[in-house]
Each structure stands twice: as structure tokens, then as C-alpha cells.
Amino acid sequence: MLTINTHSQVGIGTNTPDSSSVLDITSTSGGLLLPRMNESQRDAITSPAIGLLIYLIDGSVQCLQVYNGTGWENIYCPTTNTVPTASNVSFSGTLSIGGNLTAAYTYTDNELDIEDVSVYQWYRADDASGTNEIAIGGSTNLTYTLTGSDNGKYLSFGVIPIAATGALTGIEVRSSYQGAVGATSNVARINEFHYDNVSTDVNEFVEIRITEGLANQPADLSLYTVSLYNGSNQLAYFTETLDNLAQSCDASNCYYVLESINIQNGAPDGIALSGPSGLIEFISYEGTLTASNGIAVGVTSSDVGLAESSATTVNGSIERTAGGAWASNPNANTKGTVNSL
């Protein structure tokens, strides 16, 4: 009987692997990189062999692990380095089809490990709570251009911070959802108001105008808010969302009228308007004020430069011209319709 035994070694980076090894890797410029995975991915390995090695990265936990036949055992867990974090995740831009969104965030690493190529992802959902959320395929940059698929939807941006050295991979952090995305670009403004007149004040109102006809108005008017401010204490004394206001439209604009209210008579008082991306404008009459609460908190108003008085007619108003300047309309307000000046 003839028995032949053969032995061989594999060398990477060397032509003379050590005779005691099966695999001999030689390098002065790189290391051995084991498979890196989180706990869910690790536990999905079918029938792991005894001695199988992986490097676990799950949130702030990192460990070199070996399968011992009954479970995963830690060989070494670094304790001197933590994963990077992302904070202040947000995005800005025009929420209409064709509009461009730009994301921003703050990268932090406790050991001052510099940022490598972090992982970005844009998400789409049916509402601000993230219902039916999906990751938008191919949308993995800091910027995103809205498409027809986004019409009526809400968007969010997520980032997984990646460090170049130390503990590498952090936990994904997402912005809040913003929307709904409109088919066209809507521009909202405070358009006309009346607050003082001869005898007892009557017919007081504030009108908001949003560009585009009825079919192209924002999908969620509850994201637009109008607040009235009292200059004596800088506080909002009345707030309402546009979905609760009377609406009328022409081919170019829709008008939302807040009425049947008592509006302060100035010296000064203010009106603020906010939308899905925050404060749109904060105007005042008979002086300026800095809001202490509400949608305009910390912002100083812009005085329209006009005022009504006890001599103003009951049908008068202060309204915007086609060019956006403020002007007095002493006898015939145009609430709910296009301005006359």
C-alpha cells in the first residue's frame, strides 16, 4: 500500500509562507479586515461554524467576536473609542416639483476622528408621521431634486456618520418630515387687513394670499399659520391655521380670510404668517415689536408704514399692491378677492 501525504501553504504578499501556517499574509501597508456587521446581520448567519470570526458594530457597541459552538463570545471590545454621531439633521429648499432640497447636519466624534464618507439617504412618506415610508432609490446625496413621484408626499433626510479612524460607523439620524410637496411653487403673503375705523370697530379681518389657483394650492393648509401679536406685551393673542379660514380663489391666487375677530388697534401691534418651512413674514402697524412667543418668537416685525384710525371708514383697509408695497384703501376693501391697487 502506498500512502502519499501532501502539505501546502498559501502566501499573500509572500512567496515563502511559514511552514506552520495554512495562510500567511504579509503586508506593511494594510491589515486583515474581518466581516463587519450588526447584531441582526450576525444572527442571520445560518449554522455558524465553531471558530467563525466577525467584527460586531451595533450602535455604540463594537467587539471582535468568535462563535464557540453555542453562542457568540467577545474576544475584544474596544472601550477607548466611541462611534461618531450626527445631530441637527435638517434640510431646506422649495417643496414643489422641480425644487431643490439641501440637507445639513453636524458631525461629532468624541475622539476627534475626522469624518470619512458618511452615508446619506432621502425618504418619502404619505404624511408627517412617516406613514408608508420608503427609501428613495438612488437618492444618496446631500441634495435632492423633487420629482412627480413626490407630489403630495413628505420628505425626510437621513445620515449615518462614518469616521475615517477609530470606531467607524455611527447610528443613522433622520430629520423630521416636511411637506406636503406641491405640484407648483406656492408663495404665501399677508395681503390685506383692517383693524380700526370710525365709531365701534367692525369688519376687522386679515387676508392671506397664496399664489396659484385652487387645484394647485398646498395639500396641507394646516401647515400655514397666522398669528396676531399685541405690542404691549409682545405676545401672540390669537392664532389660527389656514385650513380653518374662509377660502376663495381666482385663476391666479387663493385668498384665506380671518375675520369675526377683535384686532388690537396698534401702537404697535403685529401679524405673523408661517408655513411648512417656518416663518414667512412678520409685519406690524404703528411701530415695531419683537415677538416673545409663537411662530415669530425672537423676530422683530417690519412696520408697513401705514395706519388706520377712528376716522377710517368701516370698509377701509391696508392692502398690498401688485408689486408688493403697502397702500391704504380708504373706502372699499377687497377681502377674498384680488386687491384693487
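In what follows, the structure referred to is the one given above.
For clarity, every value in this text was computed on a predicted model and none was experimentally measured. (Residues numbered from 1 in each chain as written. Predicted model: local features only at pLDDT ≥ 70, side-chain atom pairs only at ≥ 80, totals over all residues. Heavy atoms only, no water.)

**Considerations on the pattern of salt bridges**
Selection rule: Put simply, a salt bridge is a Lys or Arg side-chain nitrogen that is within 4 Å of an Asp or Glu carboxyl oxygen. Each helix corresponds to a stretch of at least 4 residues labelled H or I by DSSP, and each strand to a stretch of at least 2 residues labelled E; elements are numbered beginning at the N terminus. Buried, partly exposed and exposed residues are distinguished by accessible area as a fraction of the type maximum, computed with a 1.4 Å probe on protein chains only: under 20%, between the cut-offs, and over 50%, respectively.
One pass over the structure, following the stated rule, counts seven salt bridges. Here Arg124 and Asp150 are joined by a salt bridge, their closest N and O atoms 2.7 Å apart. Here Arg124 is found in strand β9 (residues 119-125), whereas its partner Asp150 is found in the loop between β11 (143-145) and β12 (154-160), with 26 residues between them in sequence. Asp150 sits in the buried class, given a relative accessible area of 0%. A single network of salt bridges, built from pairs that share partners, joins Glu133, Glu172 and Arg174.

**Let's talk about the side chain of Glu319**
Where we set the bar: His residues and chain termini do not enter the charge count, which takes Lys and Arg as positive and Asp and Glu as negative. Under this definition, polar contacts are N or O atom pairs within 3.5 Å; protein pairs additionally need one hydrogen-donor-capable and one acceptor-capable atom, and for neighbouring residues in sequence, both atoms have to be side-chain atoms. Between two residues, a contact is recorded if the distance between any of their heavy atoms is within 4.5 Å.
Its location among the elements puts Glu319 in strand β24 (residues 317-320). Despite its burial, Glu319 pairs with no opposite charge; the closest candidate is Arg189, at 8.2 Å N-O. One polar contact links Glu319 to Thr334, side chain to side chain, over a distance of 3.3 Å. In contact with Glu319, other than residues within four places in its own chain, are Asn191, Glu192, Ala325, Trp326, Ala327, Asn329, Thr334, Asn339, Ser340 and Leu341.

**Structural notes on the packing of aromatic side chains**
Rules: The criterion for an aromatic pair is that two Phe, Tyr or Trp rings (for Trp, the six-membered ring) have centres within 6.5 Å, with stacked assigned to planes under 30 degrees apart, edge-to-face to planes over 60 apart and tilted to the rest. The criterion for a charge sitting over a ring is simple: Lys NZ or Arg CZ within 6 Å of the ring centre, and within 35 degrees of the ring normal.
A complete count under the given rule lists eleven aromatic pairs for this structure. Consider the rings of Trp122 and Phe157, whose centres lie 5.0 Å apart with planes at 55°: the pair is tilted. Here Trp122, found in strand β9, pairs with Phe157, found in strand β12; they are 35 residues apart in sequence, far enough to count as distant. No difference in accessibility class separates Trp122 from Phe157, as the two residues are buried. Across the ring face of Tyr123, the terminal group of Arg174 is positioned such that the distance to the ring centre comes to 3.6 Å.

**Description of the environment of Ala49**
Here Ala49 lies in the loop between α1 (39-43) and β4 (53-58). Residue Ala49 is classed as partly exposed on the basis of its relative accessible area of 47%.

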